[in-house]
Amino acid sequence: MAQHFLLSKAAKSLSLARVFTMKDDQTEMAFRRIRWADTDGDPVCPHCGGVDAYDCRRLKGAPRFRCRACVKDFSITSGTLFASHKLPLRCYLAAIAIFCNEVKGKSALALSRDLNVSYKCAFVLLHKLREAMAEELKGRTLGGDGKVAEVDGGYFGGYVKPANFRVNRRDRRLARYQTGKRKVVVVVRERNGHSLPAVFRSESHALDFIRRRVAKGTTINADEAGSWEGLQDRFEVKRINHEEAYSMDGACTNWAEEFFSRMRRAEIGHHHHIAGAYLLRYAQEASWREDNRRTSNGEQVNRLAGLAMKHKPSVDFSGYWQRHVTADQT
Ligand SMILES: [Zn+2]
């Protein structure tokens, strides 16, 4: 049997040990090269786009530049996801490395212990990284003529704990005994291609999303659930009844199940509770990890840092602690 990718040498191109032995000017230069890749690290003014800026450090040595054209100051992270950062740059690089190395996800409490920062700081930092990952999924369409995609749904949240005494227990399958907080993550995944998740109240609400984001001509594989009936008017749909088999005559949803396997392990092993306003972010994280599962960790860190440096300051966490709440999230 071929060696698993994660066991191979190619999977390990960056270690946390290396991040922590990097000198300040090396981390600074690493971030400059990621932020200003076109000029190989030479500063470009985010205010006017000028390329003539000089080093104008703060008194304590923190990097800062001043643009000769518009005379405004900026730092390496100005206008990015890490704008107004408080931690040293090395900490951000370490956080990204830790986050990428954990292939199922990273709990905010564990990161707060790793970096000796507060739980809130770690929580916000991790969500900013998820926001950066989501950037790659924006406007993504899947499939096309002759391509095969799979759809599937997985329910998260709204757990109702059974009562202690049997006489007090209720049938938790009945709507009146549920909390109404349960939501479904629907994923569309192209075989040998990318994935795209979204969050809905039920699977049948996902049909419009699938029609919008999957190109005509795609063959869609789905399980026996009645909610996917509506896909037949636009796509060729192959159904697989999981009570009979997991895969039959080429019909299966195993690629989509793989995504849920990763997300479920993140829920059970790391976060314990994935639900509510941030459910979509966790789904997007699982999607990014699935799509990049055969990429070396060094490359993943570069990619993610690059996404964070291209991303505008956070929508969800710009200077505030948890305020983003929406119903259906696509
Ligand atoms: Zn300028």
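Residues numbered from 1 in each chain as written. Predicted model: local features only at pLDDT ≥ 70, side-chain atom pairs only at ≥ 80, totals over all residues. Heavy atoms only, no water.

Trainee: I keep staring at the overall build of the protein chain and nothing clicks. Help me out?
Mentor: Secondary structure assignment for the protein chain yields 9 helices and 10 strands. Across its three principal directions, the C-alpha atoms of the protein chain cover 65 × 55 × 45 Å. With 330 residues in all, the protein chain has 49% of them scored as buried. Looking at the protein chain alone, contacts between residues at least 24 apart form 64% of all its contacts between residues at least 6 apart. Accessible surface computed for the protein chain: about 17,600 Å², of which carbon and sulfur atoms make up 50%. Both charge centroids of the protein chain, one from 56 positive and one from 38 negative side chains, sit 7 Å from each other. (Helix = DSSP H or I, 4+ residues; strand = E, 2+ residues; numbered from the N terminus. Buried < 20%, exposed > 50% of the residue type's maximum accessible area, 1.4 Å probe, protein only. Contact = heavy atoms within 4.5 Å. Areas by Shrake-Rupley, 256 points an atom, 1.4 Å probe, with all protein chains shown as cover. Lys, Arg positive; Asp, Glu negative; His and termini not counted. Charge placed at Lys NZ, Arg CZ, Asp CG, Glu CD.)

Trainee: Got a minute to help me understand unusual backbone geometry in this structure?
Mentor: As a rule of thumb, non-glycine residues mostly have phi less than zero, and peptide bonds are mostly trans rather than cis. Look at N192: it is not a glycine, yet its phi comes out positive at around 60 degrees. For N192, the position within the fold is in the loop between strand 5 (183-190) and strand 6 (195-200). A relative accessible area of 70% means that N192 is categorised as exposed.

Trainee: Please explain empty space enclosed by the protein as it appears in this structure.
Mentor: In this structure the tally under the stated criterion is 1 cavity of 30 Å³ or more. Estimated volume of the largest cavity: approximately 40 Å³. Around the largest cavity sit K104, R262, M263, A266, H271, I274, Y282, E285, A286 and R289, which together line it. Broken down by secondary-structure element, the contributors of at least two residues to the lining of the largest cavity are helix 7 (254-271) and helix 8 (279-291). Taken together, the residues that form the lining of the largest cavity break down as 5 nonpolar, 1 polar and 4 charged. (1 Å grid on protein atoms, 1.4 Å probe; cavity = no way out; pocket = protein on both sides within 12 Å on 5 of 7 lines; lining within 4 Å. Points joined across faces, edges and corners; volume = space filled by probe spheres on them. Nonpolar A, V, L, I, M, F, W, Y, C, P; charged D, E, K, R; others polar.)

Trainee: Where do I start with the coordination of the zinc ion in this structure?
Mentor: Each donor-metal-donor angle in an ideal tetrahedron of four donors is 109.5 degrees, and each such angle in an ideal octahedron of six donors is either 90 or 180 degrees. Around the zinc ion, the protein supplies C45 (SG), C48 (SG), C67 (SG) and C70 (SG) as donor atoms, at distances of 2.2 to 2.4 Å. Coordination at the zinc ion comes from 4 donor atoms whose angles at the metal span 102 to 115 degrees, giving a geometry best classed as tetrahedral. Of note, the donors binding the zinc ion are all from one chain and are spaced C-x2-C-x18-C-x2-C. You can see C45 sitting in the loop between helix 2 (24-35) and strand 1 (53-55) and its partner C67 sitting in strand 2 (residues 65-67), a full 22 residues away along the chain. Grouping residues by exposure puts C45 and C67 together as buried. (Donors = N, O, S within 2.8 Å, 3.2 Å for Na, K, Ca; no water. Tetrahedral: all angles 85-135°; square planar, octahedral: opposite > 155°, others 65-115°.)

Trainee: Can you walk me through the pattern of salt bridges in this structure?
Mentor: It is possible for side chains bearing opposite charge to pair when their charged atoms get close. Per the counting criterion, the structure on display carries 22 salt bridges. Between R173 and D171 there is a salt bridge whose closest N-O contact spans 3.1 Å. Given a relative accessible area of 31%, D171 falls into the partly exposed group. In this structure, a network of salt bridges that share partners links the residues R189, E258, R262 and E290. (Salt bridge = Lys/Arg side-chain N within 4 Å of Asp/Glu carboxyl O.)

Trainee: Teacher, can you tell me more about the sheet that holds strand 1 here?
Mentor: Remark on secondary structure: sheet strands pair via backbone hydrogen bonds, oriented parallel or antiparallel. Here 3 strands make up an open sheet; going across it, the order is 1-2-3 and the pairing antiparallel. At either margin of the open sheet sits one strand with a lone partner, and together these are strand 1 and strand 3 (73-74). Inspection of the sheet shows strand 2 paired to strand 3 by 2 bridges, in the antiparallel sense. Opposite F65, over in strand 3, you have F74 as the bridge partner. (Pairing = 2+ DSSP bridges.)

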